[in-house]
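# Summary of the model geometry
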Amino acid sequence: MKQINTKSEEPCITENSSSSSISVKSTPEIEKKFVHSVYDAIAPHFSSTRFAKWPKVAEFLSSLSPGSLILDAGCGNGKYLGFNQDCFFIGCDISPSLIKICLDRGHEVLVADAVNLPYRTGFGDAAISIAVLHHLSTESRRRKAIEELVRVVKKGGLVLITVWAVEQEDSSLLNKWTPLADKYVEEWQGSGSPRAARLTSSPSLESIPEIEESSLGGGNVSEVLGDLREEENGKNQQEYFVPWHLPYHRAEVSGASAHALATGLATKDDIKGAVVYNRYYHVFSEGELESLTNGISNARVVDQFFDKSNWCIILERTL
């Protein structure tokens, strides 16, 4: 299996000595259970559904100069790795199961956390983060992930970020998602949040609290939903559990599903013949992605747009 060389002569990999707080780098239990564990369990099925390239991402990658070194942070099954054959690609993802799929396809990848990228500062010409930030459960972690993407590219390097939007083009999808209750809005929002002032008169949610495993009902999704379910899906709702239906025959690929069912992390839907996992999402409102870049002194926004129910932004590193 191919892996990135970590010897000193390789400029890409290094220990990240960022001074960011431990709390930002420490993964909340809700991400461990409803993002990391889920994607490890559904990886083969998820990968089989992920092959089409988003036109805007393809356009961005095609626009880069020949010889560019590009990082795909949160690369999933690696569908964008090697897209532009005139460029060099490396990737990382938090899911070992997805990284194994990439390795089996011959890609240069490793397991890494989006808020603590193990790459040398200024090593790349560009970076992409496609449908990743919405799985981070606090505003500070989402901002840190953006700072990391900017850090690892050179001066003049570009970063493309896409996230799911509150404004879904197919509004019927919202009926399939489980909204998380606003009873914890004060804890989620936090007094230090830059969005707190403009949200004080709104019931909208800011982020999931970094709570202990015990308060998640030991990982039992029905208990979590019992505590967090909203009676109504308000227009400012941003926190959801989004289901993934893993067909029974696919679930047999991994023992993870049997464990998830035994512990209550997943449920069975006999009508659809599937094991149902819930994935945590923070869907972004208009302008929110750009607002996270405020205070990042070494980057500027060069483009932002809405594309297929996603908010997208392109940043340039300026220092």
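Summary of the structure given here.

### Observations regarding the overall build of the chain
Scanning the chain for helices and strands turns up eleven helices and eleven strands. In the chain, which comprises 319 residues, the proportion classed as buried is 54%. At a minimum sequence separation of 6, the contacts of the chain that also span at least 24 residues come to 72%. Total accessible area on the chain is roughly 14500 Å²; 50% of this is exposed by carbon and sulfur atoms.

### Topic: the sheet that holds strand β8 (residues 267–269)
Strand order in this open sheet of four strands is β6-β7-β9-β8, and the pairing throughout is antiparallel. This sheet does not close on itself; its edge strands, each paired only once, are β6 (178–179) and β8. Against the sheet, helix α2 (residues 29–48) touches β7 (239–247) and β9 (274–282), its axis set at about 130 degrees to β9. Of the strands in this sheet, β7, β8 and β9 are in contact with helix α10 (residues 256–263), which crosses β9 at around 80 degrees.

### What to know about the sheet that holds strand β11 (residues 310–317)
Read from one edge of the open sheet, seven strands run β3-β2-β1-β4-β5-β11-β10, paired in mixed fashion. Two strands close off the open sheet at either side, each with one partner strand: β3 (109–111) and β10 (299–307). For this sheet, the mean inter-axis angle between neighbouring strands, taken without regard to orientation, is 15 degrees. Pairing analysis gives three bridges linking strand β2 (residues 88–93) to β3, with the strands arranged parallel. Its bridge partner being in β3, Cys92 is matched across the sheet by Leu110. Strands in contact with helix α3 (residues 55–62) are β1 (69–73), β2, β4 (124–130), β5 (153–164), β10 and β11; relative to β4, the strand with the most contacts, it is inclined by about 175 degrees. Across the sheet, helix α5 (residues 139–151) touches β1, β4, β5, β10 and β11, and the angle it forms with β5 is around 145 degrees.

### Here we look at the nonpolar core
Membership of the largest hydrophobic core comes to 34 residues, with the highest contact counts inside it found for Leu71, Tyr119 and Ile161. Broken down by secondary-structure element, the contributors of at least two residues to this core are β1, β2, α5, β5 and β11. Counting 30 residues, the second largest nonpolar core, distinct from the first, contains Tyr39, Phe46, Tyr277 and Tyr280.

### Things to note about the pairing of β7
Relative to β7, β6 is paired through two bridges, and the arrangement is antiparallel. From the neighbouring strand, Thr178 faces β7, where its bridge partner is Phe241. Here β7 runs beside β9; their pairing, made up of nine bridges, is antiparallel. Bridge pairing links Pro247 to Ala274 in β9.

### Brief notes about the packing of aromatic side chains
Applying the stated criterion across every chain, the model contains eight aromatic pairs. Linked through ring pairs, Trp164, Trp177, Tyr240 and Tyr281 together constitute an aromatic cluster. The ring of Phe305 carries Lys56 above its face, with NZ or CZ at 5.5 Å from the centroid.

### Let's talk about the environment of Ser137
Topologically, Ser137 is positioned in the loop between β4 and α5. In sequence terms Ser137 and Glu29 are 108 residues apart; their C-alpha atoms lie 9.7 Å from each other. Among the polar contacts listed, one links the side chain of Ser137 to the side chain of Glu31, at a separation of 2.8 Å.

Reading the values: rules and limits
Residues numbered from 1 in each chain as written. Predicted model: local features only at pLDDT ≥ 70, side-chain atom pairs only at ≥ 80, totals over all residues. Heavy atoms only, no water. Helix = DSSP H or I, 4+ residues; strand = E, 2+ residues; numbered from the N terminus. Buried < 20%, exposed > 50% of the residue type's maximum accessible area, 1.4 Å probe, protein only. Contact = heavy atoms within 4.5 Å. Areas by Shrake-Rupley, 256 points an atom, 1.4 Å probe, with all protein chains shown as cover. Pairing = 2+ DSSP bridges. Axes fitted to C-alpha atoms, helices over the stretch in contact; angles between N-to-C directions. Core = buried A, V, L, I, M, F, W, Y, C linked by side-chain atoms within 4.5 Å. Phe/Tyr/Trp six-rings, centres within 6.5 Å; stacked < 30°, edge-to-face > 60°. Lys NZ or Arg CZ within 6 Å of the ring centre and 35° of its normal. Polar contact = N/O pair within 3.5 Å; in protein donor to acceptor, adjacent residues only side chain to side chain.

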